[in-house]
Amino acid sequence: MEKNDRGTMENNEKAVTTEETKINYRGWKSMPFIIGNETFEKLGAIGTLSNLLIYLTGVFNMKSITAALIINIFNGTTNFATLLGAFISDTYFGRYKTLGLATIASFMGLLAIQLTAAIKKLHPPHCGSGQNDTCTGPTTGQMAFLLTGFGMLIVGAAGIRPCNLAFGANQFNPETESGKKGINSFFNWYFFTYTFAQLVSLTLIVYVQSNVSWAIGLGIPAILMLISCALFFMGSKMYVKVKATGSPVTSVAQVIVVATKKRQLKLPEQPWLSLFKYMPPSSINSKLPYSDQFRFLDKAAIVTPQDQINPDGSATDPWKLCSMQQVEEVKCLLRVIPIWVAAILYHLVIVQQNTYAVFQAVQSNRQLGNINFKIPPASYIVFMMLSLTIWIPIYDRILVPFLQRITGKEGGITILQRMGIGIFISILTMLVSALVEERRRTIALTRPNMGIAPRRGAISSMPGLWLIPQLMLAGLVEAFASVAQVEFYYKQFPENMRSIGGSLLYCGMGFSSYLSSFMISIIHRTTEGAASGNWLPEDLNKGRLDYFYYTIAAIEVLNFCYFLVCAKWYKYKGTCKDTLQDNLRSIQLEKTAV
């Protein structure tokens with residue numbers, strides 16, 4: 001039996017070696033096509049989405065609250081769709097085909113939205129400039145065409161977001177030093193293109209849309225996305241195309257189903273010794289030690305007389321018996337969920353800066369000095385991005401080495417500590433936002449205004465630059481909490497679940513968008529007939545947006561306390577003390593048996 005097993009393992013190793021030798025890693029030779037594709041894709045997508053709120057209210061004549069709800073629902077659905085995209089890519093199509101189809105879908109979506117601006121019959125007639133002018137909303141056909149464009153963008157994002165980073169990294173050989181350096185450099189280029197795309201989109205493209213023409217301003221992103229499609233397919237012959245190997249979701253389902261079937265069994269006293277152990281030779285996952293959390297799942301790996309095992313050591317029926325490795329992988333996923341919930345709540349702050357902060361800018365003095373130039377409302381979001389971009393190198397090059405000398409830890413502080421700092425800053429962000437809005441509103445009601453914003457109200461003489469502090473703080477929230485969240489999912493998930501980890505990040509953002517829409521609807525209905533007046537009307541000067549901000553600040557205080565409890569409970573993958581003690585006890589028992 002041992003000879004047969006050894007022969008099988010040798011054959012597997014030879015098969016893997018032969019397969020690796022067939023792969024021709026082109027590395028940086030394929031990067032002009034991949035990085036070019038990603039750059040133009042981001043320019044196209046961000047160039048349209050960054051100013052979509054103003055487009056819906058200014059061209060489609062929607063009310064502010066309706067536009068905010070649509071944007072939040074669209075963002076939420078887009079982020080949730082990444083989970084489905086990751087599953088389809090891993091299980092059926094592979095990353096190359098998924099990216100190709102998704103890029104085409106994104107182009108079709110951007111083209112549809114551009115046509116709504118270029119063709120008069122696809123959008124409502126333009127409203128007058130007076131405050132009391134009546135406006136005609138979009139027809140059913142116009143909304144259907146617009147939503148079709150949104151639907152295509154959702155399909156595109158579902159395939160692009162979970163696959164583009166992994167597909168680029170696949171072009172480098174992870175077994176060589178040059179390949180490892182290439183992967184790290186690719187990640188740097190990836191985030192550089194994201195920053196570059198945001199800068200161009202939030203300044204030049206938004207300016208064209210707001211001051212020249214919506215048809216031209218939305219046509220530019222569509223053309224850029226077409227270039228992205230062309231670049232991607234031009235490099236097809238050079239790419240390393242990893243085939244779909246099956247989704248780890250199946251393994252998760254097997255553990256849950258088997259643990260449920262065996263729920264009547266008694267847990268063993270020494271599970272690290274008696275549970276069924278098997279590691280597939282072709283598995284890319286690192287071996288996980290036993291952990292004592294979620295012990296009810298251990299029952300999935302209890303071997304009963306009815307369970308059968310193949311000669312190679314695997315279970316004959318994986319829906320009746322799972323390995324301890326599979327169980328521990330599911331535990332990794334479950335341990336992350338409470339932290340993920342905290343991430344959903346802190347991201348509420350970012351959602352508000354991308355929606356209501358834009359409306360604040362609309363009713364603020366956006367003129368720069370004495371020159372005849374007004375900053376487009378959506379362009380203020382660039383300060384949030386600049387804050388993130390400036391802080392990351394300062395933190396990485398100056399603060400981390402300093403903290404390493406003090407704490408002796410690899411990153412200076414733990415990942416969860418970084419997330420905690422970000423959540424704390426989110427409280428400050430909403431408090432500052434509320435104070436700035438209170439000042440903007442007071443000035444608008446007590447001092448001469450700068451004119452009338454169409455279908456809104458008086459433009460406060462408060463300079464729009466007062467919005468920069470809250471946006472800069474929001475950028476720090478992203479720099480601490482969001483970046484730490486990406487690293488947290490990458491390190492705490494098993495290797496074959498990292499695409500799901502990336503999708504979980506976007507799903508959290510999706511939940512934040514939905515939660516924000518729910519809160520806006522509830523507050524709008526609750527305060528509409530209240531003595532204090534509607535908090536969120538079209539004219540912010542007649543509302544109390546600052547009260548809404550204070551409400552979110554209170555939620556973030558509760559979220560911070562919740563996160564501290566979860567962070568104290570959390571055990572990092574493979575490093576908990578209980579696991580180390582169990583391993584030591586296991587070794588001692590094995591020596592005694594010998």
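Structure shown above.
This report concerns the structure included in the present document. (Residues numbered from 1 in each chain as written. Predicted model: local features only at pLDDT ≥ 70, side-chain atom pairs only at ≥ 80, totals over all residues. Heavy atoms only, no water.)

### Quick word on the overall build of the protein
Here is step 1 of the chain: Looking only at helices and strands, the protein features 17 helices and zero strands.
Here is step 2 of the chain: Within the protein, the fraction of its 594 residues that count as buried is 51%.
Here is step 3 of the chain: Restricting to contacts in the protein with at least 6 residues of sequence separation, those with at least 24 account for 81%. (Helix = DSSP H or I, 4+ residues; strand = E, 2+ residues; numbered from the N terminus. Buried < 20%, exposed > 50% of the residue type's maximum accessible area, 1.4 Å probe, protein only. Contact = heavy atoms within 4.5 Å.)

### What about the pattern of salt bridges?
Here is step 1 of the chain: Applying the stated rule across the entire model yields seven salt bridges.
Here is step 2 of the chain: Among the ionic pairs, Asp307 bridges to Lys262, the shortest N-O distance being 2.9 Å. One end of the pair, Asp307, is in the loop between helix H9 (271–274) and helix H10 (324–354); the other, Lys262, is in the loop between helix H8 (249–261) and H9, and 45 residues separate them in sequence.
Here is step 3 of the chain: Residue classification places Lys262 among the buried positions, given a relative accessible area of 10%.
Here is step 4 of the chain: Between Lys331 and Glu328 there is a salt bridge; the shortest N-O distance is 3.2 Å. Taken together, the residues Lys331 and Glu328, both in helix H10 and three residues apart, mark about one turn of the helix.
Here is step 5 of the chain: The class of Lys331 is buried, set by a relative accessible area of 0%. (Salt bridge = Lys/Arg side-chain N within 4 Å of Asp/Glu carboxyl O.)

### Notes on the nonpolar core
Here is step 1 of the chain: The biggest cluster of nonpolar side chains holds 116 residues, and the ones touching the most others in it are Tyr55, Leu56, Tyr356 and Phe548.
Here is step 2 of the chain: When residues of this core are assigned to their parent elements, the largest contribution, 14 residues, is made by H10.
Here is step 3 of the chain: Setting aside anything within four residues of it in sequence, one finds Leu56 in contact with Asn61, Met62, Ala67, Ile70, Ile71, Leu146 and Phe150.
Here is step 4 of the chain: If you look at the next biggest cluster of nonpolar residues, it comprises 14 residues, including Met31, Ile34, Tyr96 and Phe167. (Core = buried A, V, L, I, M, F, W, Y, C linked by side-chain atoms within 4.5 Å.)

### Points about the packing of helix H4 (residues 64–118) against helix H7 (residues 214–234)
Here is step 1 of the chain: It is at 8 Å that the axes of H4 and H7 come closest, and there the two elements cross at 165°. Relative to H7, H4 is oriented roughly antiparallel. Classified by chirality, the crossing of H7 by H4 is left-handed.
Here is step 2 of the chain: In the contact of H4 with H7, the residues fall into 19 nonpolar, six polar and no charged. (Axes fitted to C-alpha atoms, helices over the stretch in contact; angles between N-to-C directions. Parallel < 35°, antiparallel > 145°, perpendicular 65-115°, else oblique. Left-handed = near helix turned anticlockwise from the far one by under 90°. Nonpolar A, V, L, I, M, F, W, Y, C, P; charged D, E, K, R; others polar.)

### Considerations on the packing of aromatic side chains
Here is step 1 of the chain: As enumerated under the stated definition, the model contains 29 aromatic pairs in all.
Here is step 2 of the chain: Where Phe167 meets Phe232, the ring centres are 5.9 Å apart and the plane angle is 50°; that geometry is what we call tilted. Pair noted here: Phe167 is in helix H5 (residues 140–169) and Phe232 is in helix H7, with a separation of 65 residues, a long-range link. One exposure class covers both Phe167 and Phe232, and it is buried.
Here is step 3 of the chain: Plain terms: the ring middles of Tyr356 and Phe359 are 5.6 Å apart, the flat faces sit at 70° to each other, and that makes the pair edge-to-face. Of this pair, Tyr356 and Phe359 are both found in helix H11 (residues 356–362), three residues apart, which corresponds to roughly one turn of the helix. An identical accessibility class is assigned to Tyr356 and Phe359; each is buried.
Here is step 4 of the chain: Lying over the aromatic face of Trp466, Arg439 brings its terminal NZ or CZ to 4.9 Å of the ring centre. (Phe/Tyr/Trp six-rings, centres within 6.5 Å; stacked < 30°, edge-to-face > 60°. Lys NZ or Arg CZ within 6 Å of the ring centre and 35° of its normal.)

### Some thoughts on the environment of Ile415
Here is step 1 of the chain: By the secondary structure assignment, Ile415 is in helix H13 (residues 415–446).
Here is step 2 of the chain: Relative accessible area serves as the criterion here: at 10%, Ile415 is assigned to the buried category.
Here is step 3 of the chain: Separated by 76 residues in the primary sequence, Ile415 and Lys491 have C-alpha atoms spaced 9.8 Å apart.
Here is step 4 of the chain: If we skip the residues at most four places from it in the chain, Ile415 touches Ala484, Glu487, Phe488, Lys491 and Tyr572.

### What about H8?
Here is step 1 of the chain: In this model H8 runs 18 Å from its N-terminal to its C-terminal C-alpha over 13 residues, within 8% of the 18 Å that 1.5 Å per residue would give.
Here is step 2 of the chain: Listing the buried residues of H8 in full gives Ser251, Val252, Gln254, Val255, Val258 and Ala259. Buried positions in H8, seen along its axis, are confined to an arc of 160° and lie on one side of it.
Here is step 3 of the chain: In this structure, the buried side of H8 is in contact with H10. (Expected span 1.5 Å × (residues − 1). Arc of directions from axis to C-beta.)

### Details of the environment of Ile35
Here is step 1 of the chain: Inspection of the secondary structure puts Ile35 in helix H2 (residues 31–49).
Here is step 2 of the chain: For Ile35 and Ser228, which are 193 residues apart along the polypeptide, the C-alpha to C-alpha distance reads 9.5 Å.

### Topic: unusual backbone geometry
Here is step 1 of the chain: One non-glycine residue, Asn61, lies in positive phi territory at about 55°.
Here is step 2 of the chain: With respect to the element layout, Asn61 can be found in the loop between helix H3 (52–58) and H4.
Here is step 3 of the chain: Exposure remark for Asn61: the relative accessible area of 9% places this residue in the buried category.
Here is step 4 of the chain: The backbone of Phe294 sits at a positive phi, close to 50°, despite the residue not being glycine.
Here is step 5 of the chain: With respect to the helices and strands, the residue Phe294 is situated in the loop between H9 and H10.
Here is step 6 of the chain: Note on Phe294: relative accessible area 21%, which makes it partly exposed.

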